[in-house]
Amino acid sequence: MEEEGVGGEDRIHRLPEHLIHHILSLLPTKCVVSTTILSKEWRNLWISLHVLDFREWKSPDTEETQSSTRSFMDFVDKILVLRKKFCITCHGKYFDDQRIKAWITMAVKCGVEELIVSRDAEGADIIPVDLYTCESPTLLDIDLYGGQHLNLPQLVSFPRLKILQLYS
C-alpha cells in the first residue's frame, strides 16, 4: 500500500492558507520568494505575507555592486506596505540612507509591530522622528555600526513596546 504523500499526492496544497502563511513568515524573505516555483498558486503568495525579513538578502560571499544594491532597494520600495514585521540589514556603501529612512517611515505609517534595522555607514541618520512616538511597535531592534548616534527628540513614547534593543 502506498504511503500518504508518496506517489505524486500534493499534501502542501491541502493545508489552510493561514497555516501556509504562518510557516512562510518564519523564513527569510529570500527563501519565501524562492517558493514561487512550487506551483502557479504560489507565484504571488509571498506578496501577501505580513513579515518581511531582509537580513540575509544576499549571500555573504556575493560581491556588493552598486547595481545589485540599487535593484534590491527598488524591490523593497515596491513591496513595503501593510507588514507587521520588517527586518533589514543595510551593510555597504551603496545604500541610500534617505531611502532607508523612507522605508522605516513607511513601516511606521503602516503600523509595523516589529522593526529590526541594521546599518553600518558612519554618520547615517536613518531613524525618522515619527518612530519615537509610534504606537504600534512591540519590538525595536536597532543596530547602528560605525559610531552612529540616535538623535532623540524630547518626547519618546512607545506604549506597546515590550523589547528594545539598541546597538552601536
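Everything below is about the structure printed above this text.
This write-up is about the structure you can find in this document. This is a predicted model, so every value here is computed, not measured.

## A short note on the pairing of strand E2 (residues 85-90)
Within E2, five of the six residues are buried, leaving the element largely enclosed by the surrounding structure. Strand direction decides the pairing type here: strand E1 (residues 51-54) and E2, joined by four bridges, are parallel. When the bridges of E2 are listed, Val 51 appears paired with Lys 85. The sheet contact formed by E2 and strand E3 (residues 114-119) spans six bridges and is parallel. What sits directly across from Cys 90, in E3, is Arg 119.

## What about the sheet that holds E1?
The five strands are arranged E1-E2-E3-E4-E5 in an open sheet whose pairing can be described as parallel. Sheet topology places E1 and strand E5 (163-167) at the edges, where each strand pairs with a single neighbour. Within the sheet, the average angular offset between the axes of one strand and its neighbour, ignoring direction, is 5°. Two elements, strand E4 (residues 139-144) and E5, share five bridges in a ladder whose sense is parallel. From the neighbouring strand, Asp 141 faces E5, where its bridge partner is Gln 165. Its contacts with the sheet put helix H3 (residues 66-79) on E1 and E2, and the angle it makes with E1 is roughly 170°.

Calculation criteria
Residues numbered from 1 in each chain as written. Predicted model: local features only at pLDDT ≥ 70, side-chain atom pairs only at ≥ 80, totals over all residues. Heavy atoms only, no water. Buried < 20%, exposed > 50% of the residue type's maximum accessible area, 1.4 Å probe, protein only. Helix = DSSP H or I, 4+ residues; strand = E, 2+ residues; numbered from the N terminus. Pairing = 2+ DSSP bridges. Axes fitted to C-alpha atoms, helices over the stretch in contact; angles between N-to-C directions. Contact = heavy atoms within 4.5 Å.

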